[in-house]
Amino acid sequence: MNENEKRILLPLAVGNTLLLISSLCKSQLGEFGDGLLCGMTLMCYIYAFIHMVVFFRNNLKHYGNR
């Protein structure tokens, strides 16, 4: 795995895992725990999205529009 893949794929995997935990333990978590896990998931997705945009922008600058 190169550095760009780590910055994009690992937060997505963590976010998906948090969503899975949230859905499996919904009855035990309560509103606060469910909101916390969903918020953490959202932050992971935003982090991955930002790095994906930066990755594609840098590739477009480097390779151009061929």
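Above this note sits the structure.
Residues numbered from 1 in each chain as written. Predicted model: local features only at pLDDT ≥ 70, side-chain atom pairs only at ≥ 80, totals over all residues. Heavy atoms only, no water.

(A) A look at the side chain of Asp34. Counting through the fold element by element, Asp34 comes out in helix H2 (residues 26-63). Look at Asp34 and you get buried, because its relative accessible area is 16%. (Helix = DSSP H or I, 4+ residues; strand = E, 2+ residues; numbered from the N terminus. Buried < 20%, exposed > 50% of the residue type's maximum accessible area, 1.4 Å probe, protein only.)

(B) Just the packing of aromatic side chains, in detail. Under the definition given, this model contains one aromatic pair. Pairing Phe55 with Phe56 gives two aromatic rings, centres 5.2 Å apart and planes at 65 degrees, and the pair type is edge-to-face. (Phe/Tyr/Trp six-rings, centres within 6.5 Å; stacked < 30°, edge-to-face > 60°.)

(C) The environment of Leu18, seen in detail. Here Leu18 shows up in helix H1 (residues 3-24). On a C-alpha basis, the gap between Leu18 and Leu36 in space is 9.8 Å, while along the polypeptide they are 18 residues apart. Those residues within four positions of Leu18 in sequence are excluded, and the remaining contacts are Leu37, Met40 and Thr41. (Contact = heavy atoms within 4.5 Å.)

(D) Spotlight on H2. Across its 38 residues, H2 extends only 46 Å between first and last C-alpha, which sits more than 12% below the 56 Å expected from 1.5 Å per residue. Along its length, H2 reaches its greatest deviation from straightness, about 80 degrees, at Phe32. Among the residues making up H2, those that are buried are Gly33, Asp34, Leu37, Thr41, Cys44 and Ala48. Close packing links the buried residues of H2 with H1. Downstream of H2 by a residue or two, Gly64 has a phi angle that is positive, lying close to 75 degrees. (Expected span 1.5 Å × (residues − 1). Bend = angle between axes of the 7 residues up to and from the residue.)

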